[in-house]
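# Remarks on the overall topology
Spelled out, the chains give:
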Amino acid sequence: MFNKNIKLVLAVAVFAFAIYQFYEGYIGNGILLILLAGIFVFLYFKNEIILLAFLRLRKQDFEGAKKWLSKIKNPEAALVTKQQGYYNYLHGLMLSQTNISQAEKYLRKALKLGLSMKQDEAMARLNLAGIAMTKRRKREAQTYLNEAKKLDKHNMLTDQIRMMKEQMKRI
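Let me begin by describing the structure that accompanies this report. Everything quoted here is computed from the prediction, not taken from an experiment.

All right, on to a nonpolar patch on the surface then. A surface patch of nonpolar side chains, amounting to about 410 Å² of accessible area, comprises Ile27, Ile31, Leu32 and Leu35. Positionally, Leu35 belongs in helix α2 (residues 27–45). Judged by relative accessible area, Leu35 falls into the exposed class, the value being 55%.

Take a look at the structure:
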């Protein structure tokens, strides 16, 4: 994994070499190098390790996702702010299976740093509502559930929200 600043330097260097290739008359090489520079810019905004961890998590392979996330040694230096949010979001999702106190810490930090997609933010708030319910904090859980419902524009989490509200009535 490259540092975020190294990715930008590589993108600028490859783009400069592409301009040189255009100047020399090698148009095909220049176009290919511009596409290569675009990949470095893409990887600046979307970290490759986090993408691979999401793929593992999608297959329900929590150990594989944890292995990929452990490759990021210093998230503050290696990742931009939104990527740090997703780093904490993934840790929170994985830890919600085993250690809910740690998961709560990671999910709160992910929400503080920000997530790009509203659906991910809704999922984080839904998990925080579940954690608050297990800790018998009904008012906080209700707040998180209402926020999750507002953020769920595509109605993908309606069943989970409905189930949480039914469970909340029992508390």
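From this point, the discussion proceeds with the structure in view.
Per the stated rule, a full pass over the model turns up four aromatic pairs. Ring centres 5.8 Å apart and planes at 65° place the aromatic pair Phe54 and Tyr86 in the edge-to-face group. Here Phe54 is found in helix α3 (residues 48–58), whereas its partner Tyr86 is found in helix α6 (residues 81–95), with 32 residues between them in sequence. The exposure class of Phe54 is partly exposed, given its relative accessible area of 27%.

With 15 residues, α6 should reach 21 Å at 1.5 Å per residue; the first-to-last C-alpha distance of 21 Å fits that figure. Of all the 15 residues making up α6, 13 are buried; the element is thus mostly covered by neighbouring parts of the structure.

We now examine the pattern of salt bridges. Enumeration according to the criterion identifies twelve salt bridges in this entry. We note a salt bridge from Arg108 to Glu140, for which the minimum N-O separation is 2.5 Å. A residue pair is termed long-range when its members are at least 10 positions apart, and Arg108 in helix α7 (residues 100–113) and Glu140 in helix α9 (residues 138–151) qualify at 32 residues. Classification of Glu140 as partly exposed rests on a relative accessible area of 23%. Arg125 is paired through a salt bridge with Glu147; the nearest N and O atoms lie 2.7 Å apart. One end of the pair, Arg125, is in helix α8 (residues 118–134); the other, Glu147, is in helix α9, with 22 residues separating them in the sequence.

Okay, the nonpolar core next. In terms of nonpolar packing, the biggest core is built from 39 residues, with Ile50, Tyr89, Leu115, Leu126 and Leu145 touching the most fellow members. Ranked by residues supplied to this core, first place goes to α8 with eight residues. Discounting chain neighbours no more than four positions away, the residues touching Ile50 are Ile72, Leu79, Gln83, Tyr86, Tyr87 and Leu90. Ala11, Ala18, Ala37 and Phe40 belong to the second largest nonpolar core, which has six residues in total.

Let's shift gears to the layout of surface pockets. There is about 1000 Å³ of room inside the largest pocket. Per-element tally for the lining of the largest pocket: the top contributor is α3, with six residues. A breakdown of the residues in the lining of the largest pocket according to their chemical character gives 15 nonpolar, nine polar and four charged. If you add up the space inside the second largest pocket, you get close to 180 Å³. Taken together, Met123, Leu126, Asn127, Gln160, Met163, Met164 and Gln167 form the lining of the second largest pocket. Counting only elements with at least two residues in the lining of the second largest pocket, the list comes to α8 and α10 (158–170).

Calculation notes
- Residues numbered from 1 in each chain as written.
- Predicted model: local features only at pLDDT ≥ 70, side-chain atom pairs only at ≥ 80, totals over all residues.
- Heavy atoms only, no water.
- Patch = residues over 30% accessible without salt bridge, like charges linked within 9 Å, V, L, I, M, F, W, Y side chains within 5 Å.
- Areas by Shrake-Rupley, 256 points an atom, 1.4 Å probe, with all protein chains shown as cover.
- Salt bridge = Lys/Arg side-chain N within 4 Å of Asp/Glu carboxyl O.
- Helix = DSSP H or I, 4+ residues; strand = E, 2+ residues; numbered from the N terminus.
- Buried < 20%, exposed > 50% of the residue type's maximum accessible area, 1.4 Å probe, protein only.
- Phe/Tyr/Trp six-rings, centres within 6.5 Å; stacked < 30°, edge-to-face > 60°.
- Expected span 1.5 Å × (residues − 1).
- Core = buried A, V, L, I, M, F, W, Y, C linked by side-chain atoms within 4.5 Å.
- Contact = heavy atoms within 4.5 Å.
- 1 Å grid on protein atoms, 1.4 Å probe; cavity = no way out; pocket = protein on both sides within 12 Å on 5 of 7 lines; lining within 4 Å.
- Points joined across faces, edges and corners; volume = space filled by probe spheres on them.
- Nonpolar A, V, L, I, M, F, W, Y, C, P; charged D, E, K, R; others polar.

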